[in-house]
Amino acid sequence: MKNVLLFTDGSCFGNPGAGGWACLLRCGSIEKELSGSEANTTNNRMELRAVIAGLSALKEPAAVRVVTDSQYVQRGMTQYVPRWIRNSWVSSRGVPIANRDLWEALLRESRRHNVRWTWVRGHGASADQNRCDQLAQAAARELRAAA
């Protein structure tokens, strides 16, 4: 099984607004950057979309270390999702879980791999995380300019 580093980030101008996502995959000396955008979205959706895109890009199962500056994603996958599933995707307050479609897509993709979830501070010392931030913002800016 190959070892892959997956750095991810999402960005949104307005919340909701024009959003962008990006990821950087690294396996040994091979690197790949992916990015995209969506209109009328939220930052949390873009954070989720970035991880889904990165995991989907892998052609075979891998040992993946996901590095994200989103506690929403990291805590969601390590703490909250099992509870949400047990509670039929309803919060303890009786409210449907936001972004269920993307959480379910992320679960499908993550089950193909052996995934470890790592949180890092945004805009910090990680050059790869900062690169994803730049790519995600550029994708959102490009979409906003085209509107």
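Scroll up a little and you will see the structure.
These figures come from a predicted structure and were not determined experimentally.

Peer 1: Is there a simple way to think about the pairing of strand β2 (residues 17-27) in this case?
Peer 2: The side chains of a regular strand alternate between both faces of the sheet. Counting buried positions along β2 gives 10 out of 11 residues, so the element sits mostly inside the fold. Pairing between strand β1 (residues 2-14) and β2: 10 bridges, direction antiparallel. Within β2, the position partnered with L6 by the bridge is L25. Where β2 and strand β3 (residues 30-41) come together, 10 bridges link them in antiparallel fashion. In the sheet register, C23 faces β3, and the bridge partner there is L34. Counted between consecutive antiparallel strands, the loop separating β2 from β3 contains two residues, among which G28 sits at a positive phi close to 65°.

Peer 1: Help me understand helix α3 (residues 100-111) in this model?
Peer 2: The α-helix winds at 3.6 residues per turn, so residues separated by three or four positions along the chain end up facing the same way. Under the 1.5 Å per step criterion, the end-to-end length of α3 is 16 Å for 12 residues, consistent within 8% with the ideal 16 Å. Within the span of α3, buried status applies to L102, W103, A105, L106, L107, E109 and S110. Of the surrounding secondary structure, the elements contacted by the buried residues of α3 are α1 (43-57), α2 (71-86) and β5 (114-119).

Peer 1: Would you explain the pattern of salt bridges in this entry?
Peer 2: Where side chains of opposite charge bring their charged atoms close, a pairing between them can arise. All told, the structure shown has seven salt bridges when counted by the stated rule. One salt bridge connects R26 with E31, and the closest N-O pair in it is separated by 2.6 Å. When its relative accessible area of 44% is taken as the criterion, E31 is described as partly exposed. A salt bridge links E33 to R131, with the nearest nitrogen and oxygen atoms 2.9 Å apart. Of the two residues, E33 sits in strand β3 while R131 sits in helix α4 (residues 127-146), which places them 98 residues apart along the sequence. Taken together, the salt bridges that share partners define one network made up of R26, E31 and D128.

What counts and how
- Residues numbered from 1 in each chain as written.
- Predicted model: local features only at pLDDT ≥ 70, side-chain atom pairs only at ≥ 80, totals over all residues.
- Heavy atoms only, no water.
- Buried < 20%, exposed > 50% of the residue type's maximum accessible area, 1.4 Å probe, protein only.
- Helix = DSSP H or I, 4+ residues; strand = E, 2+ residues; numbered from the N terminus.
- Pairing = 2+ DSSP bridges.
- Expected span 1.5 Å × (residues − 1).
- Contact = heavy atoms within 4.5 Å.
- Salt bridge = Lys/Arg side-chain N within 4 Å of Asp/Glu carboxyl O.

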